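Architecture and fold: a report
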Amino acid sequence: MSDNRAADVAAIQAVLAASYRAWEAGDAEAMVADYTADATAILPGSLRDGREAVRADMARAFAGPLKSTSTWNRTLGVRFLGRDAALVVNESGILFDGASEVPEDRKVYATWALEKRDSRWLIAGYHNSPVHVPAH
């Protein structure tokens, strides 16, 4: 990996870390601060089309079922798609009631699509899907 890509990886990780901190603070505005205006978030059964839709939905969630939650995230990979686009794959989950671990059946795989605009990495898309836990 070149020094330039290492700097890009660090910048991308900083963007995601800021989003995770905003979630923990229950701050929907800060959570979408690094989203593009036309960002898309897809979760099982729902589509949030645009930064404002994501912000509004998260504000409602932080006032209700996601109040006082945080997230657990483990980066599985960062792949560049040309000079100004990247795909990040994570394993993630929501931590409820001060939990320090996410139960296996509540973990998701998430993909983040980021693009570099005016030398700044921004989140253009997010998608998650439950982790399939094989039955033994």
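The present account deals with the structure reproduced in this document. (Residues numbered from 1 in each chain as written. Predicted model: local features only at pLDDT ≥ 70, side-chain atom pairs only at ≥ 80, totals over all residues. Heavy atoms only, no water.)

Here's the deal with the sheet that holds strand β4 (residues 85–95)
Filter applied, for reference: One requirement defines pairing of two strands: DSSP has to find at least two bridges between them. Going along the chain from the N terminus, every DSSP run of H or I of four or more residues is numbered as a helix, and every run of E of two or more is numbered as a strand. Axis definition: a line fitted to C-alpha atoms, limited for helices to the stretch in contact. Angles are taken between N-to-C directions and run from 0 to 180 degrees. Should any heavy atoms of two residues lie within 4.5 Å, those residues are considered in contact.
The 6 strands are arranged β2-β1-β6-β5-β4-β3 in an open sheet whose pairing can be described as mixed. The open sheet is flanked by β2 (46–49) and β3 (70–80), the only strands paired with a single partner. Between one strand axis and the next, the sheet turns by 15° as a mean value, whatever way the strands run. As paired elements, strand β1 (residues 35–43) and β2 share 4 bridges and run antiparallel to each other. Counterpart to Ala41 in the pairing with β2 is Arg48. Seen against the sheet, helix α3 (residues 51–63) touches β1 and β2 and runs at an angle of roughly 55° to β1.

Points about the pairing of β1
Here 4 bridges tie β1 to strand β6 (residues 120–130), and the two strands are oriented parallel to one another. Along β6, the bridge assignment pairs Ala41 with Tyr126. Once β1 ends, the chain turns through 2 residues before running back antiparallel as β2, passing Gly45 with a positive phi of about 85°.

Quick word on the side chain of Thr36
Rules: The classification of residues rests on relative accessible area computed with a 1.4 Å probe and restricted to protein chains. Under 20% of the type maximum is buried, over 50% is exposed, and intermediate values are partly exposed.
Note on placement: Thr36 falls in strand β1. The exposure class assigned to Thr36 is buried, which follows from its relative accessible area of 1%. Once residues lying within four places of it in the same chain are set aside, the contact partners of Thr36 are Arg51, Glu115, Arg117, Leu122, Ile123 and Ala124.

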